[in-house]
Amino acid sequence: MSAPDENASRIVLIDGHAQFFRAYYAIRGGMTSPVTKESTNLTFGFISMLLRLLREQPPEYLAVVIDVSGDRETFRSEIYPEYKANRDAAPDDFHPQVERCLEFLNFLKIPVIGVAGVEADDVMATIAKRVHESDDDHVLRIVSRDKDLTQLLNADVEMYDPYKDELVSPSSVFKVEGIEPHHVVDMLTLMGDTVDNVPGVEGIGPKTAAKLILEFGSVDALYERLDEIKGKRKEKLEAAREQIPLSRELVTLRDDVDIHWSVDDARYDPSEIDAGLCEAMFEELGFNRFRSDLQQIMGGSSESAEAKAEADESTTTSAASDGGMPGSLFDMMQDDPPPAEPSGDYRLIATRDELETLIAELRAAGQFAVDTETDGLAAVSANLCGISVAADIETGAYIPTRSPDPSSHLDTETVVELMRPLLEDASLGKIGHHLKFDLNVLRAHGIRMTGMAFDTMIASYVLDATRSSHKMDVLALAMLNHRCIPITDLIGKGKHQRTFDTVELGRAVPYAAEDADITLQLQRAMDKAMDDAQLRTLFNDLEMPLIDVLAEMEYNGILVDADELDRQRERLTERIDALRQSIIDDAPHPFNPDSPKQLAGALFNDPEDDPPGLGLKVVKRGKTGPSTDIEVLEKLSADPTVTTDIPNRIVEYRQLTKLVNTYLVALTDAINEKTGRVHASFHQAGTATGRLSSSDPNLQNIPIRTEVGREIRRAFRAKDDFVLLTADYSQIELRILAHLSGDEGLIEAFRRGEDIHTAVAAEVFGVAKDDVDSAQRNSAKMVNFGIVYGITPFGLARRLGPDTPVSEAERIITEYKARFPRITEFLDACVQQATEKGYVETMMKRRRAVPEVMDRNPQRRALGERTAINTVVQGSAADLIKLAMIDLHQRMPAVHPDVRLLLQIHDELVFETPAAEAEAVGAFVAERMEAAMDLRVPLKVGVAWSETWIEAK
């Protein structure tokens, strides 16, 4: 097979459904649009592949070929009714995503070809024949890895795998050297195809088929010389003789399909792309990362793109902020683009009289939406640029405090002075989106806003915790069918980004006022939904009051000793460097320990290979070769037959490197210069279970399992004459499980104050509590903690150690369920509720949709069942600690006014308290936390205090 001419113009045909299926299964399910909630894993994967192809290898001609007939509606099914008869139906969310891909191809002006009665492969075979027989200087590139299509390859036809970025040959597909395109039909005839239900010769796979075809030249020659074959193989070939013609006809691609197509029909012109529709789809599906790809692709034809930009003003407005090549549609203009047309009656408040009149209007309204604009995202330190308000829909006002022309409006001091009484009036309801941010921005400028009545971000979370985004722009599109003015239209992004105080008021006013207006519209849309779903109590009594608690925590921050972080970083860096060098020195050849590929070579190559390796047995393989992930390294470390300790050193090396880069460096960078504290952000809408998450930095994930990880907490300390006080719920999820299941054995153990793991072990292993040994207690502990996560025998065996057989783990789980039957009944009830209602509920009636329990894929269905159980238990524990936080926030000022709540880490609260009051505060905190919910089992809270977090244990 000669190579195609590199100088020839290239026609690219994408094997549509092959790429659709590949994208669907290459990306884990669960991706959904933040707007429509539709599945997007296939759409994302296909568009990603397509844009990469257009960006890196732009073709002159391009088309997508798809199947338009069903599996049983082609000429092949007519001649052989069993053809593809054993294929399962595509997953429910497959075809809607295919339609999305076809819609996107239409936006790109890429033709889609399909012919009824034949398959896409036949259409491509016909086009391949025409290209090959044509006098034109063209090369056809088929984007696929389908083995059937390799029969088409010749000097003018090639195949390309975009995922591996490599050309495909019959040898690479069949994994047998020497196979040429003219062998493929004979190969497929002998092998058959279990996927398409094409009959073959029993017992003949790719290697045997290749051996026979290469030896005899063809299937016909093989049967002519069948006497040269001996034994069982001859018998099987003889038995299949009559079906061979049918098999050959089924696997041979037709190249005479009646298709009205010419090369010019597929001419690809990036200037014809409808960028506005593409951008709208990206926004709707949450594919914002693709905008820069589109920008690069459309930069190739400046004149056409410029003309299109002039003709499509809305596209220019939305795309101009993305940067790009000079003159292209995505050119980052130095001058401001024209302001977007306002969608409501939005006004600028620039004088004292105007502001006083507005304040009177807001007071008369009784409640209003409020939003702040700032020059940064750190609420505690950002400068206020303005306040926007709205008392009625499709209206809004913006009160600037900082702008390019400060003489044209009131200053910050005056605005704060006039707005403070209004915003601090608790009788006036404040509506906002992400009010916690506004609370702290205003507090930093001297306003303690009260009267928070409705937060649309939190309402969205309460209504649907599984939504992938609760951003206002996304909700506006989903609920109001309204596209908000993008902030990037005003301030740009990347290296071109500027701060809001540099945006001229003609553009700032409609943007800021729209925020308040849309927030008010969302509130009205969500209000009824909250009542209809019976979620008002959860929203009003738990999530809304929590906003003030989290805002207080973020404002307080926690004192961090930068010098201690530096000392730890220096110490660990020395250890990292020594580990790295020792690994290199002891390896069979020098390599980079940070390279998984080079590490795999050092571990798994044979000592005689080039480069040589340790010759260890491969534990697991990934797409690019032997895996070196943490699971593999830990297995190698625990394997007594592995005499080298390099895997163990690599584990330590990776752990220490992560500690330095992810925590020690990040924490140092996060220290506020003014306060000396880290002011992390705590997110209510960050998890589907109801638990809080944190970022900037993420304090929830500071490691505590290892001594070196725990040492990081030494840098967290109290201010002078104060201590850090920690209060931690004991075994809270097990107590929640006991309460919800009503299992008397578990309940009684907790009521008697017994060691729960010992008590459970005594039941499971049938021994007296005093006779439970450490191994039995550990087994019970693993099951106790794993039962709500759907622990499997295999998973338990792994946790208990490499010497634990799966059969023993299965016996322990079976005995556990027999001894505590109400727990099993409860777990089953969680799954049943998810199956019948589509969602599960926590103790505070927080809902989480779990559609996976109805999935036809057994693995996804099992994941859905585990999710249902875990959500009920973990979500109820999250409800509990939130109730405790609200209670303490409201009661603490009257009892201990100098105490501040600083952190919430899973089941633990961290306070800063005067050292002299620590004992009294500890008793008060424990009392209130233990009374946060009335359960069938007692709640227990452990309290400790010290100057540093690590010692407060």
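Bear in mind the structure is a predicted one, so any value in this text is a computation, not a measurement.

Colleague: Help me understand the overall build of the protein, please; the structure alone is not making it clear to me.
Modeller: Across its full length, the protein holds 37 helices and 25 strands. Taking 30 Å as the expected radius of gyration for a compact globule of 953 residues, we find that the protein reaches 33 Å, a close match to that expectation. For the C-alpha atoms alone, the extent of the protein along its principal axes is close to 100 × 80 × 60 Å. When burial is assessed residue by residue, the protein has 52% of its 953 residues classed as buried. When the accessible surface of the protein is summed, it comes to about 42400 Å², and 47% of that surface belongs to carbon and sulfur atoms. In the protein, the 104 positive side-chain charges and the 163 negative ones have mean positions that sit 6 Å from each other.

Colleague: Would you mind going over the sheet that holds strand 25 (residues 941-946) with me for this structure?
Modeller: Strand pairing within a sheet occurs via backbone hydrogen bonds; the two strands may be parallel or antiparallel. Taken in spatial order, the four strands make up an open sheet running 23-24-20-25, and their pairing is antiparallel. Of all the strands in the sheet, just strand 23 (900-905) and strand 25 have a single pairing partner and so form its edges. Between one strand axis and the next, the sheet turns by 20° as a mean value, whatever way the strands run. Where strand 23 meets strand 24 (residues 908-914), five bridges bridge the pair, whose relative direction is antiparallel.

Colleague: Would you mind showing me how to read the sheet that holds strand 10 (residues 395-400) here?
Modeller: Strand order in this open sheet of six strands is 7-10-9-8-11-12, and the pairing throughout is mixed. Every interior strand has two partners, whereas the edge strands, strand 7 (345-348) and strand 12 (452-455), have only one. Direction aside, the axes of adjacent strands within the sheet are offset by 25° on average. With three bridges connecting them, strand 11 (residues 429-432) and strand 12 associate as parallel partners. Within the sheet, the bridge partner assigned to Lys-430 lies in strand 12 and is Met-452. On the sheet, helix 19 (residues 456-463) packs against strand 11 and strand 12 and is oriented at approximately 55° with respect to strand 12.

Colleague: So what exactly am I meant to see when it comes to unusual backbone geometry here?
Modeller: Among all residues save glycine, negative phi is the norm, and among peptide bonds the norm is trans. Cis geometry is found at the peptide bond from Asp-610 to Pro-611, where omega equals 0°. Mapped onto the elements of the fold, Pro-611 is located in the loop between helix 25 (596-604) and strand 14 (621-622). Here the bond from Asp-696 into Pro-697 is cis, since omega is 0°, no more than 30 degrees from zero. Positive phi values are uncommon outside glycine, yet His-906 reaches one of about 60°. When you line up the elements, His-906 lands in the loop between strand 23 and strand 24. A residue is classified by how much of its surface remains accessible, and His-906, at 32% relative accessible area, is partly exposed.

Colleague: How should I be thinking about empty space enclosed by the protein in this particular structure?
Modeller: The method is simple in principle: a probe with the dimensions of a water molecule rolls over the atoms, and the space it marks as empty is what remains. For the structure shown, the criterion picks out two cavities of 30 Å³ or more. Estimated volume of the largest cavity: approximately 100 Å³. Along the walls of the largest cavity sit 13 residues, with Arg-691, Ala-878, Ile-881, Gln-904 and His-906 positioned nearest its centre. The element that contributes the greatest number of residues to the lining of the largest cavity is helix 36 (residues 858-895), accounting for five residues. For the lining of the largest cavity, the class distribution of residues is four nonpolar, five polar and four charged.

Colleague: Would you take a moment to explain the confidence of the model for the protein for this structure?
Modeller: In low-pLDDT segments, the atomic positions of the prediction should not be examined closely. Mean pLDDT over the protein: 88, with 94% of residues reaching 70 or higher. Every residue in residues 300-340 scores below 50 in pLDDT, and together they form 70 contacts with partners more than four places removed in sequence or on other chains.

Colleague: Would you mind showing me how to read the pattern of salt bridges here?
Modeller: Two side chains that carry opposite charge are able to pair once their charged atoms sit near each other. The final tally for this structure, using the stated rule, is 67 salt bridges. Arg-141 is paired through a salt bridge with Glu-158; the nearest N and O atoms lie 2.6 Å apart. Of the two residues, Arg-141 is situated in strand 4 (residues 138-143) and Glu-158 in strand 5 (residues 157-161); the sequence distance between them amounts to 17 residues. Under the relative-accessibility criterion, Arg-141 is labelled buried at 8%. Between Arg-819 and Glu-815 there is a salt bridge whose closest N-O contact spans 3.1 Å. Of this pair, Arg-819 and Glu-815 both sit in helix 34 (residues 806-819), four residues apart, which is roughly one turn of the helix. Residue Glu-815 is classed as partly exposed on the basis of its relative accessible area, which comes to 24%.

Colleague: Got a minute to help me understand a positive patch on the surface in this structure?
Modeller: A grouping of Lys-211, Lys-232, Arg-233 and Lys-236 is seen on the molecular surface, where their side chains present a positively charged patch. Counting residues per element, the positive patch draws most heavily on helix 10 (residues 231-239), at three residues. One can find Lys-232 in helix 10.

Colleague: What is the right way to look at the packing of helix 16 (residues 352-365) against helix 17 (residues 412-423) in this model?
Modeller: How two helices sit against one another is set out by the angle between their axes and by the gap between those axes. Between helix 16 and helix 17, the least distance of the axes is 10 Å, while the angle of their chain directions is 15°. One element, helix 16, and the other, helix 17, form an angle in the roughly parallel class. Two packed elements cross with a definite hand, and for helix 16 against helix 17 that hand is right-handed. Contacts between helix 16 and helix 17 involve Arg-352, Leu-355, Glu-356, Ile-359, Leu-362 and Arg-363 from the first element and Thr-414, Val-415, Glu-417, Leu-418, Met-419, Pro-421 and Leu-422 from the second. Partitioning the contact of helix 16 with helix 17 into residue classes produces eight nonpolar, one polar and four charged.

Colleague: Would you take a moment to explain helix 19 for this structure?
Modeller: Given 3.6 residues to a turn, an α-helix orients residues that are three or four positions apart in the same direction. Counting buried residues in helix 19 gives seven out of eight residues, a clear majority hidden from the surface. Among the residues of helix 19, those classed as buried are Thr-456, Met-457, Ile-458, Ala-459, Ser-460, Tyr-461 and Val-462. Looking at the buried residues of helix 19, the elements they touch are strand 11, strand 12, helix 20 (472-480), helix 22 (505-532) and helix 23 (536-556).

Colleague: Would you mind going over the side chain of Asp-122 with me for this structure?
Modeller: Tracing the backbone through its elements, the reader meets Asp-122 in helix 5 (residues 120-133). Asp-122 gets classed as buried once you look at its relative accessible area, which sits at 0%. Contact partners of Asp-122, with chain neighbours within four places excluded, come to Phe-75, Arg-76, Leu-253, Arg-254 and Val-257.

Colleague: Honestly, the packing of aromatic side chains in this entry has me stumped. Any pointers?
Modeller: Pairs of aromatic rings are described using the distance from one ring centre to the other and the angle between the two planes. A complete count under the given rule lists 14 aromatic pairs for this structure. When the ring of Phe-716 is compared with that of Trp-949, the centres are 5.2 Å apart and the planes differ by 75°; the resulting orientation is edge-to-face. With Phe-716 in strand 19 (residues 716-717) and Trp-949 in the segment after strand 25, this residue pair connects regions lying 233 residues apart in the sequence. Across this residue pair, the class does not change: Phe-716 and Trp-949 are buried. One aromatic cluster is present, built from ring pairs that chain together Phe-44, Phe-104, Phe-282, Phe-287 and Phe-290. In this structure, Arg-141 is placed above the aromatic ring of Tyr-160, and the distance from its NZ or CZ to the ring centre is 4.6 Å. Note that Arg-713 overlies the ring of Trp-949, its terminal NZ or CZ placed 3.8 Å from the centroid.

Colleague: Quick question: what am I supposed to make of the pairing of strand 11 here?
Modeller: Strand residues, when the strand is regular, have side chains that alternate between the two faces of the sheet. Burial along strand 11 is two-sided: Gly-429 and Ile-431 and Lys-430 and Gly-432, pointing in opposite directions, are all buried. Where strand 8 (residues 367-374) and strand 11 come together, three bridges link them in parallel fashion. From the neighbouring strand, Ala-369 faces strand 11, where its bridge partner is Ile-431. Tracing the backbone out of strand 11, into helix 18 (residues 435-444) and back to the parallel element strand 12 gives a crossover that is right-handed.

Colleague: Would you mind showing me how to read the side chain of Arg-291 here?
Modeller: Its location among the elements puts Arg-291 in helix 13 (residues 291-298). On the basis of relative accessible area, Arg-291 is assigned to the buried category, the value being 17%. At 3.2 Å, the side chain of Arg-291 and the side chain of Glu-279 are in polar contact.

Colleague: Is there a simple way to explain the packing of helix 35 (residues 821-837) against helix 36 in this structure?
Modeller: The interhelical angle for the contact between helix 35 and helix 36, taken along N-to-C directions, is 110°, at an axis separation of 9 Å. In terms of orientation, helix 35 and helix 36 fall into the roughly perpendicular class. Residue-level inspection shows Phe-826, Leu-827, Cys-830, Val-831 and Ala-834 of helix 35 in contact with helix 36, the latter providing Glu-865, Ala-868, Ile-869, Val-872 and Val-873. For the contact of helix 35 with helix 36, the class distribution of residues is nine nonpolar, no polar and one charged.

Colleague: When you look at the nonpolar core in this model, what are you seeing that I'm missing?
Modeller: Looking at soluble globular proteins, one finds that nonpolar side chains tend to be buried together. Ile-387 and Met-419 are the most contacted members of the largest nonpolar core, which has 175 residues in total. Broken down by element, this core gets its largest block of residues, 12 residues, from helix 36. Formed by 40 residues, the second largest nonpolar core is a distinct cluster that contains Met-49, Phe-94, Tyr-160 and Cys-278.

Colleague: Explanation requested: helix 36 in the structure shown.
Modeller: Given a rise of 1.5 Å per residue, 38 residues ought to cover 56 Å, and the 55 Å separating the end C-alpha atoms of helix 36 matches this to within 8%. The largest bend along helix 36 reaches roughly 30° and is located at His-889, with the proline Pro-893 sitting one to four residues downstream.

Rules and cut-offs
- Residues numbered from 1 in each chain as written.
- Predicted model: local features only at pLDDT ≥ 70, side-chain atom pairs only at ≥ 80, totals over all residues.
- Heavy atoms only, no water.
- Helix = DSSP H or I, 4+ residues; strand = E, 2+ residues; numbered from the N terminus.
- Rg over C-alpha atoms; globule rule 2.2 N^0.38 Å.
- Buried < 20%, exposed > 50% of the residue type's maximum accessible area, 1.4 Å probe, protein only.
- Areas by Shrake-Rupley, 256 points an atom, 1.4 Å probe, with all protein chains shown as cover.
- Lys, Arg positive; Asp, Glu negative; His and termini not counted.
- Charge placed at Lys NZ, Arg CZ, Asp CG, Glu CD.
- Pairing = 2+ DSSP bridges.
- Axes fitted to C-alpha atoms, helices over the stretch in contact; angles between N-to-C directions.
- Contact = heavy atoms within 4.5 Å.
- 1 Å grid on protein atoms, 1.4 Å probe; cavity = no way out; pocket = protein on both sides within 12 Å on 5 of 7 lines; lining within 4 Å.
- Points joined across faces, edges and corners; volume = space filled by probe spheres on them.
- Nonpolar A, V, L, I, M, F, W, Y, C, P; charged D, E, K, R; others polar.
- pLDDT = per-residue confidence, 0-100.
- Salt bridge = Lys/Arg side-chain N within 4 Å of Asp/Glu carboxyl O.
- Patch = residues over 30% accessible without salt bridge, like charges linked within 9 Å, V, L, I, M, F, W, Y side chains within 5 Å.
- Parallel < 35°, antiparallel > 145°, perpendicular 65-115°, else oblique.
- Left-handed = near helix turned anticlockwise from the far one by under 90°.
- Phe/Tyr/Trp six-rings, centres within 6.5 Å; stacked < 30°, edge-to-face > 60°.
- Lys NZ or Arg CZ within 6 Å of the ring centre and 35° of its normal.
- Right-handed = clockwise from strand over helix to strand, strands pointing away.
- Polar contact = N/O pair within 3.5 Å; in protein donor to acceptor, adjacent residues only side chain to side chain.
- Core = buried A, V, L, I, M, F, W, Y, C linked by side-chain atoms within 4.5 Å.
- Expected span 1.5 Å × (residues − 1).
- Bend = angle between axes of the 7 residues up to and from the residue.

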